[in-house]
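This is what each chain is made of:
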Amino acid sequence: MTRRLPRMPRTPLTVLLSAVFLAVAVLCALAGPLLAPHALDQDLYLGTVGAGVEGHLSGTDALGRDVLSLAVLGTRSALLGPVLVACGSMLLGLLLGTLAGFRGGWLDTVVGRYADLLLALPAVLLAMVVVGMLGGGYWVTVLVLVVLFSPTDVRLVRAAVMEQAARPYIESARVLGIRPGRIMVRHVLPNTVPIVVANLLLNTAFAMVALSSLSYLGLGVAPGAADWGRQLADGQRIMVDNPLAAILPGVLIILAATSVNLLGDWLAERLDRKVATR
Amino acid sequence: MSRADHDPSARATTPTAPSAVLAAVPLLSVRGLRVDGPAGAIVAGVDLDVRRGETLALVGESGSGKSMTVKALSGLLPAGVRATGTLELDGEPLPLDPAARPWRTVRGNRVALLLQDPFTSLSPVHTCGAQIGWALPGKPSRAERAKRVAALLAEVGLAPDTADRYPHQLSGGMRQRVAIAAVLAADPDLLIADEPTTALDATTQHEVLELIARLQRERRMAVVLITHDLGLARSRADRIGVMYAGRLVETGTGAQVLDAPAHPYTARLAACEPPLDRRLPLLPTIPGQVPAAHAVGAGCAFADRCELALPDCRSRYSPLLAPAPDDAEHLAACLRIGESAALPVPAPEAAQASEAAAPRTGGAEPALLVTGLVKRFPRTDRPAVDAVDLRLERGEAVVVLGQSGSGKTTLARCVVGLERPDAGTVAFPLSERDGGGPRGRRTTDPGRVQIVFQDPYSALNPGHSIGTTLREALRAAGRPDEDPADLLELVGLPREYVTRRPRRLSGGERQRVAIARALAPRPGVLVCDEAVSALDVSVQAGVLNLLARLRRELDLSILFITHDLAIARQVADRVHVMHRGRVVEHGPADAVLTAPAHPYTRQLLASAPAAH
């Protein structure tokens, strides 16, 4: 007897808008240098001008660079870094969480302590210290954030794996003599996909904010590079002359993080339903 | 589709019943109750009457619509289903819409609901006293509340200090008593008990049912008891209503319905109940499956599975009619009501019978030898399994009988290598490789022993087709070229099922697939951990018959773990009774289950429902 579940509700407008925004952002990230070839061209003679002056739609920054072009070019560092942080920390999470959840024993204890320790530390603060000590740089920042973001993923995957591992079909597979690695790949991991995907997107949103914050503080990207956080920090100083220089990157950060969050929630719910109904 | 207009002479509701203590007007009266879900009807026309002080048992298998009927009666229909029909409480009409205003004063106060699982029906973060206090009507003062909570606790036989304890500090039986106290707080007229003891052990079950019966007498409450257990219905109910595919097919007193059933379904269902006092060579089953209520056309829902069905049965639905004209209490919805004084229940084929009936007597070939097995879990005060010895011969079935917490499941898990014992050995003398004990990581050899678990719904990976599941098992067994459909055939399932997903299978079918998977490595020993306990009686019987056949055909040894005495009786050549981690008694099934030597076994037997 198969009972039909209520039909999937229509995709909400907010999710559609988020998807459109992110699609445009991804396009900008991929084709940034083509779309805004003169973004880094300084015009110190012009200096800071407001919106609409000399064809600069949203004005220029302190170095006379076009704010909009700079924002378009900055999309790459705004998206790539967070996605890498989320994927990297999830990879760590899958590796350690799976081992800890399925093997248990001392390994579980070690991994658990690792996660506890990192969770006890304030991530962004620690990132500032470590990145500052290591001398900064975008990729160093990304790497540090991967490590700092991993404990939630480790715990999440560990819990999901433990919940799965106690199920009779997993135990039957064990008694049948199927190797643990195979059980993991064939039976356990496919059923953790919904929460893995959901957390991937959530972490992307968090990492966006974290990376932007670090850039804002002068850590992360090199001075003068196109980056939303950096732009926001620089733009603040010329708020009076061209408010858009700060507002545009700020709004973009908010929009990007919100869109990823909304899309993540929606996707997680969909996947969850799919797993539940099959 | 109200059936309220059928022949009035055949009504059970005429208040001329000789039981003078019962009030003239039924406390609860339901007419033409119909519940529709997204896929169609779930309950398709039910008429019920419950009188004051009376217990009505609603009996049915899964899919019969009994849970949805209860939800409608207690005003708790979930979103997405609609109910029609009329509901009257003490002559006052009640709306079926659960959001309707009258329910706020009725639900909990006049109609109370006792749920199955005492482990989840109480809040874990509040004391028992607080939870009982919430159910008190009005706004009593703090002192008054404490006094009334104490009185209620005393009424259900719990110490006053239980009020300050949290549910996790209590046993299952005590929790159910707390739940009963909470349910009684508002002094309801009608108690609806939905499988109130299914989650409890036999002995606790007995105590809780006695308690409900006593409270009912003292308070002259009406009780609607929902159960799948016919024995329990017979021993506890004044009247029984049998539900099938969303319809009420028969009502009457316990003796009428179960001893002289007038509906073929009731007859077949009653026959499926395994007897406690003897071992049947082949258990009766009902072929086919319960159809979904919405899939039944104009005819009788049981017609497709009924060998008494006439062509008429498929096109015409029978109202509830009285088989004996002088007794308006006993009604059945069958067109052949008059002629079926004693409905013939088809006897199982006698040929197989004699062979299966003969219990195996111990040969000299042990297939499994457990010696001095000890398993202790960290942070527990006593070992879960404490020095257990067990011997299982080739082709023999040994039942390990025990209540929850007796260690029987831990024993089973040690045998198949899912737990590593702290001391003692598990040996399979018949297999080439000898082993067991803490030697290496893999303590199991799939060719020696396999296991079937209790819950059919989590036995199979929902994402894999049946074929994928079986093929994986065959590959692991080193026989990748064999056809998984052969395994399906072995367990009595159609070969086409290889392409199906588990969700399209019924519970019994899933359990058969689980057995097929366990047979893939051709084990010498099959461990069944409560393998039929989650199944309906008629399905249960089919799976037990299958296990008996496999034993014969494959010379399989079976270690069967169960808490159910009747099932133990049907399966066992020999029985081991476990209590608190130890085997307190063991011997041939006949001896242990008819003349128990140990007081604990005697207590177990005394609390079986059929003993009343």
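Since the model is a prediction, treat every value here as computed from it, not as a measurement.

## Regarding the interface of chain A and chain B
Across the contact, 18 residues belong to chain A and 28 residues belong to chain B. It is helix α6 (residues 168-175) of chain A that contributes the most residues to the side of chain A that touches chain B, 6 residues altogether. Across the side of chain A that touches chain B, the residue classes tally to 8 nonpolar, 4 polar and 6 charged.

## Quick word on helix α4 (residues 123-134) of chain A
Residues separated by three or four positions in an α-helix point in the same direction, a consequence of the helix having 3.6 residues per turn. Across its 12 residues, α4(A) extends 16 Å between first and last C-alpha, which sits within 8% of the 16 Å expected from 1.5 Å per residue. Positive phi appears at A:Gly135, one or two residues downstream of α4(A), with a value of about 95°.

## Quick notes on the sheet that holds strand β14 (residues 397-401) of chain B
All names here are of chain B. Ordered by their spatial adjacency, 6 strands build an open sheet running β16-β17-β18-β14-β19-β20, and the pairing between neighbours is mixed. Taken across any chain shown, the strands that pair with only one partner, and hence form the sheet edges, are β16 (449-452) and β20 (582-588). Strand-to-strand, the axes of this sheet are offset by a mean angle of 20°, without reference to chain direction. Direction of pairing for β16 relative to strand β17 (residues 525-529): parallel, over a ladder of 4 bridges. Bridge pairing in β17 places isoleucine 451 opposite valine 527.

## Brief notes about the environment of B:Thr469
Residues and elements named next belong to chain B. Mapped onto the elements, threonine 469 comes out in helix α12 (residues 466-476). Each C-alpha atom of the pair threonine 469 and alanine 514 lies 9.3 Å from the other, and the pair is 45 residues apart in sequence. Contacts of threonine 469, omitting those with residues within four sequence positions, involve Leu460, Asn461, His464, Val513 and Arg517.

## Things to note about the UniProt feature "transmembrane region" (unreviewed entry) in chain A
In this structure's numbering, the residues bearing the UniProt feature "transmembrane region" (unreviewed entry) are residues 79-102, 114-132, 138-157, 188-211 and 244-264 of chain A. The distance from the first to the last C-alpha atom of residues 79-102 of chain A is 33 Å, and the span holds 100% helix and 0% strand.

## Some details on the domain arrangement of chain B
With domains assigned, chain B is organised as domain 1 (1-10 + 28-110 + 189-201 + 211-273 + 284-341), domain 2 (122-187) and domain 3 (365-456 + 523-606). A separation of 39 Å is found between the C-alpha centroids of domain 2 of chain B and domain 3 of chain B.

Parameters and conventions
- Just so you know, the residues in each chain are numbered from 1, in the order the chain's sequence is written.
- Lettering for chains starts from A, numbering for ligands starts from 1, and both go in the order in which the items are written.
- Where local features are concerned, this predicted model is filtered to residues with pLDDT of at least 70; where side-chain atom pairs are given and counted, the filter is 80 or more; whole-chain, interface and lining totals use all residues.
- Two residues qualify as a contact pair if the distance between their C-beta atoms, derived from the backbone, is within 7 Å.
- A run of H or I in DSSP counts as a helix once it spans at least four residues, and a run of E counts as a strand once it spans at least two, with each numbered from the N terminus.
- All residues other than Ala, Val, Leu, Ile, Met, Phe, Trp, Tyr, Cys, Pro, Asp, Glu, Lys and Arg, Gly among them, are scored as polar; the first ten of these are nonpolar and the last four charged.
- For a helix, the expected span equals 1.5 Å multiplied by the residue count minus one.
- Whether two strands pair comes down to DSSP finding at least two bridges between them.
- All axes are obtained by fitting lines to C-alpha atoms, using only the stretch in contact for helices, and the reported angles, taken between N-to-C directions, cover 0 to 180 degrees.
- UniProt positions are given in the numbering used here, feature names are shortened, and annotations may be inferred rather than shown by experiment.
- Domain delimitation in this document rests on an assignment produced automatically or drawn from a domain database.

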